[in-house]
Amino acid sequence: MTFRTLMLRGLIAAALLGVSLPVHAAPSALTAHQLAQRVDNHYNHLHSLRAGFTQSYQGLGMSRSESGALLLRKPGRMRWDYSSPAGKLFLLDGKFAWSYTPGDPAVHRIPVGNLSDLRTPLRFLLGHTQLEREIEHLRIAPAANGEYALAGQPKGQQRSISLLTLTVTAQGVITGIQIDQTDGSVTRFTFTGEVPNAPAPPGDFRFTPPSGIPVVSEQSPE
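Scoring rules and cut-offs
Residues numbered from 1 in each chain as written. Predicted model: local features only at pLDDT ≥ 70, side-chain atom pairs only at ≥ 80, totals over all residues. Heavy atoms only, no water. Helix = DSSP H or I, 4+ residues; strand = E, 2+ residues; numbered from the N terminus. Buried < 20%, exposed > 50% of the residue type's maximum accessible area, 1.4 Å probe, protein only. Areas by Shrake-Rupley, 256 points an atom, 1.4 Å probe, with all protein chains shown as cover. Pairing = 2+ DSSP bridges. Axes fitted to C-alpha atoms, helices over the stretch in contact; angles between N-to-C directions. Phe/Tyr/Trp six-rings, centres within 6.5 Å; stacked < 30°, edge-to-face > 60°.

**Student:** Explain the overall build of the protein here, please?
**Tutor:** Secondary structure summary: the protein contains 4 helices and 12 strands in total. Residues classed as buried in the protein amount to 50% of the 222 residues present. Per element, the accessible surface of the protein, about 10,000 Å² overall, is 52% carbon and sulfur.

Structure follows, in structure tokens:
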């Protein structure tokens, strides 16, 4: 499996949007059920979202950190513009996921239908789900800066994801996602400066491969 494929899987599985969470003094009491409802209410009413992100991957002898700006639009559109590395783009147009970095010999493309087992964590940010229906054994713990950690096992993801942890404010805003995979790798996303219902024109979610650059279709493993 190539490094690019690992990063792509982490991103989809990945996504989309955490850090290892130390335990701090508990903020005002909330149950996992109450906080999950606040997350659902916040994201299910959005049409689009913009935020800054930092993404890291550690595992299988590799370590990498990247950052940039994220734009989401319902239904199922994502655009990740990277400032580090400069010019890198990851885009989900509703039919395909596209990945390209200037200087690469090819554009990488994966059909959306082949990503259904990896995209659950980012579905929360697109407002297509209810946390308590998607995450088993959901539990809550205090995190840094008065935030909370909501953690559990994504349903149907036991073979690929061992633990999913969302970092959430008391208002239900997701500021981080950590994905612990069964192969021992960890993908983390942190988000800053969320702008609900930000302008997200359809043209921002169309990708045209650079002239002369071939498109390589990748299939997610079963």
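**Student:** Is there a simple way to think about the sheet that holds strand E2 (residues 62–73) in this case?
**Tutor:** The strands that make up a sheet are held in pairs by hydrogen bonds between backbone atoms, and each pair lies either parallel or antiparallel. Spatial ordering of the open sheet is given by E7-E8-E9-E10-E11-E1-E2-E3-E4-E5-E6-E12, a layout of 12 strands whose pairing is mixed. Looking at which strands have only one partner, the edges of the open sheet turn out to be strand E7 (135–142) and strand E12 (215–217). Within this sheet the neighbouring strands show an average axis-to-axis angle of 20°, counted without direction. By the bridge criterion, 5 bridges tie strand E10 (residues 174–181) to strand E11 (residues 186–196) in an arrangement that is antiparallel. Residue pairing for E11: Asp 180 is matched across the bridge by Val 186.

**Student:** Honestly, the packing of aromatic side chains in this entry has me stumped. Any pointers?
**Tutor:** Tallied over the full model, the rule gives 6 aromatic pairs. Ring centres of Phe 53 and Tyr 82 lie 5.1 Å apart, and the angle between their planes is 85°; on these two criteria the pair is classed as edge-to-face. Residue Phe 53 is found in strand E1 (residues 48–59), and its partner Tyr 82 is found in strand E3 (residues 77–84); the two are separated by 29 residues along the sequence. Residue classification places Tyr 82 among the buried positions, given a relative accessible area of 5%. Ring plane angle 65° and centroid distance 6.0 Å describe the contact between Phe 96 and Trp 98, whose orientation is recorded as edge-to-face. Judged by relative accessible area, Phe 96 falls into the partly exposed class, the value being 21%. Site record: aromatic cluster; members linked through ring pairs are Phe 53, Trp 80, Tyr 82, Phe 189 and Phe 191.

**Student:** I'm lost on the environment of Thr 101 in this one. Help?
**Tutor:** With respect to the helices, strands and loops of the structure, Thr 101 is situated in the loop between strand E5 (96–100) and strand E6 (107–111). Distance in space between the C-alpha atoms of Thr 101 and Ala 86 is 8.1 Å, their sequence separation being 15 residues.

**Student:** Can you help me understand the pairing of E6 in this one?
**Tutor:** Both faces of the sheet carry side chains from a regular strand, because those side chains alternate between them. Sheet topology places E5 next to E6; 4 bridges connect them, and they run antiparallel. Looking across to E6, one finds that Trp 98 is bridged to Arg 109. Between E5 and E6, which pair antiparallel and follow one another directly, the connecting turn spans 6 residues, one of which, Gly 103, has a positive phi of 100°. Across 3 bridges, the pairing between E6 and E12 is parallel. Within E12, the residue paired with Arg 109 across the bridge is Ser 217.

So yeah, pure geometry; function would need other evidence.
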